[in-house]
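So the chains spell out like this:
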Amino acid sequence: MPAGIVRAVAVAASIVSIPACAGAQEAKVAAAINIKADQVIGTINPDIYGHFTEHIGGVVYDGIWVGPDSKVPNINGIRKDLVDWMKRLDPSVIRWPGGCFADRYHWMDGIGPRDKRPKRYGRGTDVTEPNYFGTHEFIEFCRLCDAEPYFAANVGSGTVEEFQSWVEYCNAPAGRTTYAEMREANGSKEPFPVKFWGVGNENWGCGGNYTPEDYCVEYRKFVTWLPGYSPLHLIACGPNGNDVNWTKRFMRKWVDYSRVPLDGWSCHYYCGTTGHALEYTNDQWYEMLEKAYFMDTLVRDQWEALKEFDPNHHIKLVIDEWGAWHPAGTEFHPAHLFEQIGTLRDAQVAAITLDIFNKHCEKVEMANVAQLINNIHSLFHADGPKFVATPNFYVFEMYKVHQGAQSVKCEFDAPLAQFKVGSDNKTFPTLLGSASIKGKKLHISVVNTHVTDAIEATINLGSVKTKGGKITTLTAKDIHAANTFEKPNECVSVTSPLKASGSTAAITFAPASINVVELDVE
Ligand code: AHR
């Protein structure tokens, strides 16, 4: 057992043992999870479970788009495996076409007959962008996945007119304007329509290197006189990480401009790496999770910074790029820029992050993990005919039960894991998670971060009573486990029935595991 155990908790109901890392069940540590079902934080916006697809490396070409003539099974050029696996997630919203690519993308390049579309300098290593995948193809992908589109517009090298005409092209009713007629000529009589619009991307960097004040001037021009055919949800470029200064300076200027329409505040936070995508020590495991947990600070700080200028909190946080970002070297294909193999550790990063969003669901209205396929914190890898789901995929599949549910307060009373960064002694919670209620189901997601020790937790349900349910667990024999084309099932979720009755449930959470407990409640 590790040092630092806070208390032993009396176990009131049957204990479920979850298959775990080798040798894990010998060491059991006690903890309590207290659910406050009557303390509702808010409704978890399904868009918190959103995705991001950029024209970069192997995301669009090879990942999503294989082309209608490909031998790879496809639906009008879109990889069929990807669509089939996406449907398992209820994916809610997908962001496109960037990323940094958005601020050099001209949407007119991507409409009309594919063989006539211009070829441009692409994003990757010596890449040509053929523009085969444009507005219509992306909308089809979203429809196949049953997700809403979220477009990122070009501020850095585009014009106000170009942005406004894109909105009109997507949203004008059939036959109403010349852009609507163009859309019809390109195969879509009815509007798409597109509600979510990001006005630029990382405009403090690749999106034009603006100061917050200068970007705010641009933002004002871009969002004034937008075609009002259908409701728009406008998202401005927020800070790099937790740069509160960017937020306050933009907002100060925004107030000067009589508060032009603004609904979402985009924040990007990549928690970086420790060690390597596949190689890390136990200490580096915890250090990585600690970096992921910084998202909690970011959400709190950015919300507080917005409050000064928007006291009623109309503007919500949109964390439209997040994930762990490891050094190059584990790409499945050399052309897949920023492709990295995701392990059980990355799945823990995902679970911890999604739990933070659930717990701050009144502040965070959308989040988009970077990126969907073949890039950074991916859910999938594809290379020609090969396709595999990463451990991250299973986290999103397990956690989808939280979408649209009421997030309720829950307290985790568990020991701290001890680790070292250099000569510094540090600690990190062994159990983290969130809870939500939908109808007669209570879902508690529980991450056991401890590398070697199972944690035996008593879940106290307060006034709520249960008759049992089930538990889904994602773990592996080795904390470095990853799924590859050759070995796709090294880290996949397993569901088992859970016996419990009354107002407590006792569950043993395997070391290095991610769990979603589903309890039928009265
Ligand atoms: O997701 C990869 C890149 O990271 C995006 O293009 C950019 O927005 C961010 O810096």
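Everything that follows concerns the structure shown earlier in this document.
Residues numbered from 1 in each chain as written. Predicted model: local features only at pLDDT ≥ 70, side-chain atom pairs only at ≥ 80, totals over all residues. Heavy atoms only, no water.

Asker: What's the story with the pairing of strand E16 (residues 386-389) in this structure? I'm lost.
Answerer: Along a regular strand, successive side chains alternate from one face of the sheet to the other. Relative to E16, strand E15 (residues 380-383) is paired through four bridges, and the arrangement is antiparallel. Among the inter-strand pairings, phenylalanine 380 is bridged to a residue of E16, identified as alanine 389. Here E15 folds back onto E16, and the loop between the two strands holds two residues, one of which, glycine 384, carries a positive phi near 55°. (Pairing = 2+ DSSP bridges. Helix = DSSP H or I, 4+ residues; strand = E, 2+ residues; numbered from the N terminus.)

Asker: How should the nonpolar core be read in this particular structure?
Answerer: Judged by nonpolar contacts, the single largest core of 117 residues is most densely connected at Phe141 and Phe380. Of all the elements, helix H7 (residues 282-307) adds the most residues to this core, at 10 residues. The contact partners of phenylalanine 380, leaving out residues within four places of it in the chain, are Leu82, Trp85, Met86, Leu89, Leu372, Ile373, Asn374, Phe387, Val388, Ala389, Thr390 and Phe393. (Core = buried A, V, L, I, M, F, W, Y, C linked by side-chain atoms within 4.5 Å. Buried < 20%, exposed > 50% of the residue type's maximum accessible area, 1.4 Å probe, protein only. Contact = heavy atoms within 4.5 Å.)

Asker: Can you help me understand empty space enclosed by the protein in this one?
Answerer: If a probe the size of a water molecule is rolled over the atoms, the empty space left behind becomes visible. One pass over the full model with this rule turns up two cavities of 30 Å³ or more. When its volume is computed, the largest cavity comes out at roughly 40 Å³. Lining the largest cavity are Tyr105, His106, Trp107, Ala153, Asn154, Thr159, Glu162, Phe163 and Trp166. Among the elements that line the lining of the largest cavity, the one with the most residues is helix H3 (residues 160-171), at three residues. Tallied by class, residues from the lining of the largest cavity come to five nonpolar, three polar and one charged. In this structure, the second largest cavity is lined by Tyr269, Cys271, Ala292, Met295, Trp322, Gly323, Val349 and Thr353. (1 Å grid on protein atoms, 1.4 Å probe; cavity = no way out; pocket = protein on both sides within 12 Å on 5 of 7 lines; lining within 4 Å. Points joined across faces, edges and corners; volume = space filled by probe spheres on them. Nonpolar A, V, L, I, M, F, W, Y, C, P; charged D, E, K, R; others polar.)

Asker: How do you make sense of the side chain of aspartate 383 when you look at a structure like this?
Answerer: Relative to the assigned elements, aspartate 383 resides in strand E15. Although buried, aspartate 383 forms no salt bridge, and the nearest oppositely charged side chain, lysine 386, lies 4.3 Å from it. Other than its neighbours up to four places away in sequence, aspartate 383 contacts Asp62, Arg79, Phe332, His333 and Phe485. (Lys, Arg positive; Asp, Glu negative; His and termini not counted. Salt bridge = Lys/Arg side-chain N within 4 Å of Asp/Glu carboxyl O.)

Asker: Sorry, what's going on with the packing of H7 against helix H8 (residues 344-359) here?
Answerer: If you want to describe how two helices pack, look at the angle between their axes and the distance between the axes. At a minimum axis distance of 9 Å, the contact between H7 and H8 shows a crossing angle of 25°. As far as their axial angle goes, H8 and H7 are roughly parallel. For H7 against H8, the interelement crossing comes out right-handed. Together, Gln284, Trp285, Met288, Leu289, Ala292, Tyr293, Met295 and Asp296 of H7 and Leu344, Arg345, Gln348, Val349, Ile352, Thr353, Ile356, Phe357 and Lys359 of H8 make up the contact between the two elements. Class assignment for the residues of the contact of H7 with H8 results in 11 nonpolar, three polar and three charged. (Axes fitted to C-alpha atoms, helices over the stretch in contact; angles between N-to-C directions. Parallel < 35°, antiparallel > 145°, perpendicular 65-115°, else oblique. Left-handed = near helix turned anticlockwise from the far one by under 90°.)

Asker: What should I look at first to understand the layout of surface pockets in this one?
Answerer: As a volume, the largest pocket reaches approximately 230 Å³. In this structure, the largest pocket is lined by 14 residues; those nearest its centre are Ile41, Arg300, Lys359, Lys409 and Cys410. Listing elements by their share of the lining of the largest pocket, those giving two or more residues are H7, strand E17 (406-413) and strand E20 (431-438). In terms of residues, the lining of the largest pocket owes the most to one element, E17, which gives five residues. Of the residues belonging to the lining of the largest pocket, the class tally is seven nonpolar, one polar and six charged.

Asker: Could you clarify how one ought to interpret the sheet that holds strand E9 (residues 148-153) in this entry?
Answerer: Across a sheet, strands are paired by hydrogen bonds formed along the backbone, either parallel or antiparallel in direction. If you trace the eight strands once around the closed barrel, you get E3-E6-E9-E10-E11-E12-E13-E14, paired in parallel fashion. For this sheet the average axis-to-axis angle between neighbouring strands, irrespective of direction, equals 30°. Direction of pairing for strand E6 (residues 93-96) relative to E9: parallel, over a ladder of four bridges. Bridging from a neighbouring strand, tryptophan 96 pairs with phenylalanine 151 of E9. Along the sheet, helix H2 (residues 135-145) contacts E6 and E9; its crossing angle with E9, the most-contacted strand, is approximately 150°. Those strands touched by H3 are E6, E9 and strand E10 (196-199), and its axis lies near 170° from that of E10.

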